[in-house]
Amino acid sequence: MSKPDPNSVIHYQLDVNTYLAGNRIGDPPKSHFDFCAENSLWRLGESLSGPGSDYKFTREITRHIERIINQYDIKNVFDASCGDWCWMQSVNLSGIEYTGNDISPIIVNANLEKFSRRENVKFTLGDCLDYFKKKENNSIDLCIIRHTLEHLSIDHSIEILKEATRVCKYAIITDTLSNETNVNTDDFVVDGYTARPISLSKSPFKEIVGDPIETFFDGLVEHDPITGTPILGKDNTSFFEWK
C-alpha cells in the first residue's frame, strides 16, 4: 500500500509505520477505524479519537451544543461518531436522552465500561447509516455528525445525509476547509487514517442538506495577545433544521 499523499489529505497520525504495517486498503471501514483505535493512531493529545476531540479544541462546539439544546427544546441527541467521549462528557446533557454511536467495538466497549452509570446516556455499535435506516421520520431531535464525513466515501456520505434528513429534526455537521476548491472529490480512498476537505455548501451535499440556519467555527479558539481578537480554527460547522 502506498503512503497517503500529504498534499491531498489531512493527517492526524504521526505513527505512519504502524499504520502501513497493519492496515489494508480495501478492507471494510470498520476494520480501518478499529485498527486505528486499537493502535492509538489518532492520539496526539488527550483523546484517543484525535486532537480534534481534545478539550481545548472542543470548547466552542460544547458551548454551541448546549445553546442549541436549550434554544430548540431538544429532548434527544444522536451522536453519529461519538469517539471515546473525551469531550462530550463535559457537555451538559441534563434531561437529554443521549445516544453515542461508533463503528469501532473497541471504542464502544471502552465507553460502556467508563460511562455506563451516566443517566440517560447509552452507546450503540455500528455504522450510523444503519442506525438511521431503522428510525422513523423526525424521530431524532438533534443529530451530531462531527468529523465523520471527511473520512468516508462520497457515496457513503450521501446515503448518511439522505437518511439523516429524513429522521432528524435538527443537525450539527462539520465541514473541513470549506473554502477550498478541491472538495467533495470521489477519488478518496477510505483507509481510516486520512481525511479530505469537504463542503456542505457544494454539490453533491448542498442539494441534500439545504441551507443551514447558522454556521459557526468548531476548533481551537485562542486570542491575539495584543488585540484580544479571537483566533479561530478552520473547521466550519453548520446547524440545519429539517423538520
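First things first, this report covers the structure right here in the doc. Since this is a predicted model, take the numbers as computed values, not measurements.

Thoughts on helix α4 (residues 105-115)
Next, step 1: Within α4, burial applies to Pro105, Ile107, Val108, Asn111 and Phe115. Each buried residue of α4 sits inside an arc of 160° when the element is viewed along its axis, so together they form one side. Exposed and oriented more than 90 degrees from the buried face of α4 are Glu113 and Lys114.

A look at the side chain of histidine 64
Next, step 1: With respect to the helices, strands and loops of the structure, histidine 64 is situated in helix α3 (residues 55-71).
Next, step 2: Taking relative accessible area as the criterion, histidine 64 reaches 8% and is therefore assigned buried.
Next, step 3: Reaching out from histidine 64, the side chain makes a polar contact with the side chain of arginine 63 at a distance of 3.4 Å.
Next, step 4: Setting aside chain neighbours within four positions, we find histidine 64 in contact with Phe216 and Phe217.

Notes on the state of the cysteines
Next, step 1: The final tally for this structure, using the stated rule, is zero disulfides.
Next, step 2: With no disulfide of its own, cysteine 168 lies closest to cysteine 143 among cysteine sulfurs, the gap being 3.4 Å.
Next, step 3: Its relative accessible area of 0% is what places cysteine 168 among the buried residues.

Describing the pairing of strand β3 (residues 97-102)
Next, step 1: With respect to burial, β3 is a largely interior element, five of its six residues being buried.
Next, step 2: Sheet topology places strand β2 (residues 76-79) next to β3; four bridges connect them, and they run parallel. When the sheet's bridge partners are listed, asparagine 76 is paired in β3 with glutamate 97.

What about a negative patch on the surface?
Next, step 1: The grouping of Asp155, Glu159, Asp186 and Asp187 at the surface amounts to a negative patch.
Next, step 2: Here aspartate 187 is to be found in the loop between β6 (168-174) and β7 (194-195).

Thoughts on the side chain of aspartate 84
Next, step 1: Within the secondary structure layout, aspartate 84 lies in the loop between β2 and β3.
Next, step 2: Accessibility expressed as a relative area gives 14% for aspartate 84, which makes it buried.
Next, step 3: At a separation of 3.1 Å, a polar atom in the side chain of aspartate 84 contacts the main-chain amide nitrogen of cysteine 86.

Conventions we followed
- Residues numbered from 1 in each chain as written.
- Predicted model: local features only at pLDDT ≥ 70, side-chain atom pairs only at ≥ 80, totals over all residues.
- Heavy atoms only, no water.
- Buried < 20%, exposed > 50% of the residue type's maximum accessible area, 1.4 Å probe, protein only.
- Helix = DSSP H or I, 4+ residues; strand = E, 2+ residues; numbered from the N terminus.
- Arc of directions from axis to C-beta.
- Polar contact = N/O pair within 3.5 Å; in protein donor to acceptor, adjacent residues only side chain to side chain.
- Contact = heavy atoms within 4.5 Å.
- Disulfide = S-S within 2.5 Å.
- Pairing = 2+ DSSP bridges.
- Patch = residues over 30% accessible without salt bridge, like charges linked within 9 Å, V, L, I, M, F, W, Y side chains within 5 Å.
- Areas by Shrake-Rupley, 256 points an atom, 1.4 Å probe, with all protein chains shown as cover.
- Salt bridge = Lys/Arg side-chain N within 4 Å of Asp/Glu carboxyl O.
- Lys, Arg positive; Asp, Glu negative; His and termini not counted.
- Charge placed at Lys NZ, Arg CZ, Asp CG, Glu CD.

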